[in-house]
Amino acid sequence: MNLGSFEVGFNIPARIGMDVDEIQTPSLIIDYKIFENNISKMKKFVLNNNVKLRPHAKMHKSVDVANYQIDNGGAHGICCQKLSEAEIFVRAGIKDILITNQITDAFKLERLAKIVSKELKIGCCVDNQENVINIQKAAKRNNSIIDIYIEYDCGANRCGTKSFNEINELIKMIKKMANLNFIGFQAYNGSIQHIEDHKIRQIEVKNTCNKIKELKANFIKHSPFITGVGTGCFDLEVNEEIYDEIQVGSYAFMDAHYSSLKHDRKLNNSNNFENSLFILTGVMSKALQKHAVVDAGLKSIAVDSGLPKTINSKLEYIKCSDEHGIIADPDNILKINDKIRLIPGHCDPTCNLHDWYVVVKDTKVIDLWPVSARGFSF
């Protein structure tokens, strides 16, 4: 990307070639070596386990990250969560996208149908007959073919249906529609991804996968493709040998919450992903005794999964307001303008607060990647 018209400190946080200490704060930074290693580990995992990889782009919202995952990380396409988000990646040349969500609004369905082309595969999820009828109408008007995944509620208690009778009727309806292509099932249980206790997480994964196995057995004549799985327990889910494709997203960056989950190393030793995403923040005040005030607060870091962690065990981020963060600094090691790397509790909403990723290698800025789909939530 040509950054010639951008100004450091105004609309970009850094330039290529700068030292890390020169990056304007607060900024979202990617440690390239760790990022590269995380991508490589997941590629090795899917190859060894014979599953397809469709990483979720709602996590990073970045065309550069998506292209890297496809070009270097074993991914054959991406997931998106919203239509406008998907359109960003379509316009950037991504050719295989699954919107892991229901699109029901008539205007959105028209846009969905219009972006399909001979070169582009696009799919979405359904859980009711009215939606199927309306997708078909939009697809017919625009002479497009849309891949359809029936969302099965395997435990999240959100979207999807649990009724095999309803699923059977949906399949029969979809198969009669000239512009719709039944692929299989979206079966993602987000509620199990964040269970901290490994043994409990393992039990819940088995319970979820047993439901999906029953689903697959009931509709085996349709040869359904099963897609789902998240970073929190992808190893356990894939080990159940029910999924054809996994939708992991956070593995590329990780965050404080996912990093806190314990895994069974005997099952798989390739899931030890490291934090490659950080908020770089600067000390702006030392007025508080044994504390430091930094310039990263709620407008820079999502705290729905807890406050960010520091990479220095002697420092603790203990409080935040809109534009400020309070760091406990019992040994008074911090000085004005010192830079600190923070690990966000939840990477997805944190990324959506920023316009740029500053990509760093060792002590230098090597690239800037736009957060391409930031705010695209229609």
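Our subject in this report is the structure included herewith. (Residues numbered from 1 in each chain as written. Predicted model: local features only at pLDDT ≥ 70, side-chain atom pairs only at ≥ 80, totals over all residues. Heavy atoms only, no water.)

### Side note on the nonpolar core
For soluble globular proteins, nonpolar side chains are generally found buried alongside one another. Formed by 101 residues in total, the largest nonpolar core has its most connected members in F35, M42, F89, I97, I146, I246 and F253. Aside from chain neighbours lying at most four places away, what touches M42 is L53, F234, I246, V248, Y251 and F273. One finds L3, A256, V358 and V360 within the second-largest nonpolar core, a separate group that totals 17 residues. (Core = buried A, V, L, I, M, F, W, Y, C linked by side-chain atoms within 4.5 Å. Buried < 20%, exposed > 50% of the residue type's maximum accessible area, 1.4 Å probe, protein only. Contact = heavy atoms within 4.5 Å.)

### Overview of the packing of aromatic side chains
With the rule as written, the count across this model stands at 14 aromatic pairs. A centroid spacing of 6.4 Å and a plane angle of 40° characterise the contact between Y32 and F35, whose relative ring orientation is tilted. With Y32 and F35 both in helix α1 (residues 32-49), this residue pair falls three residues apart, about one helical turn. Note on Y32: relative accessible area 15%, which makes it buried. On the basis of relative accessibility, which here comes to 0%, the residue F35 falls in the buried class. (Phe/Tyr/Trp six-rings, centres within 6.5 Å; stacked < 30°, edge-to-face > 60°. Helix = DSSP H or I, 4+ residues; strand = E, 2+ residues; numbered from the N terminus.)

### Regarding the pattern of salt bridges
One pass over the structure, following the stated rule, counts 17 salt bridges. Ionic pairing is found between K213 and E240, a salt bridge with its closest N-O pair at 3.0 Å. With K213 in helix α7 (residues 198-218) and E240 in the loop between α8 (234-239) and β9 (245-246), this residue pair connects regions lying 27 residues apart in the sequence. For K213, a relative accessible area of 33% puts it in the partly exposed group. A relative accessible area of 12% means that E240 is categorised as buried. Here R374 ties to D355 by a salt bridge, and the two come within 2.8 Å at their closest N and O atoms. Of this pair, R374 sits in the segment after β17 (364-370) while D355 sits in the loop between α10 (347-351) and β16 (356-361), and the two are 19 residues apart along the sequence. Judged by its relative accessible area of 32%, R374 falls in the partly exposed class. Sharing partners across several salt bridges, the network here consists of R54, D96 and E245. (Salt bridge = Lys/Arg side-chain N within 4 Å of Asp/Glu carboxyl O.)

### Here we look at the sheet that holds strand β4 (residues 96-102)
Across the sheet, which stays open at both edges, the eight strands sit in the order β2-β9-β8-β7-β6-β5-β4-β3 with parallel pairing between neighbours. Here the strands that pair on one side only, and so sit at the sheet edges, are β2 (52-53) and β3 (78-80). Of the strand pairs in this sheet, strand β5 (residues 121-126) and strand β6 (residues 146-151) are connected by four bridges, and their pairing is parallel. Bridging from a neighbouring strand, C124 pairs with I148 of β6. Packed on one face of the sheet, helix α3 (residues 83-91) meets β3 and β4 and runs near 175° to β4. Contacting β5, β6 and β7 (180-186), helix α6 (residues 164-176) runs over the sheet at an angle of about 155° to β7. (Pairing = 2+ DSSP bridges. Axes fitted to C-alpha atoms, helices over the stretch in contact; angles between N-to-C directions.)

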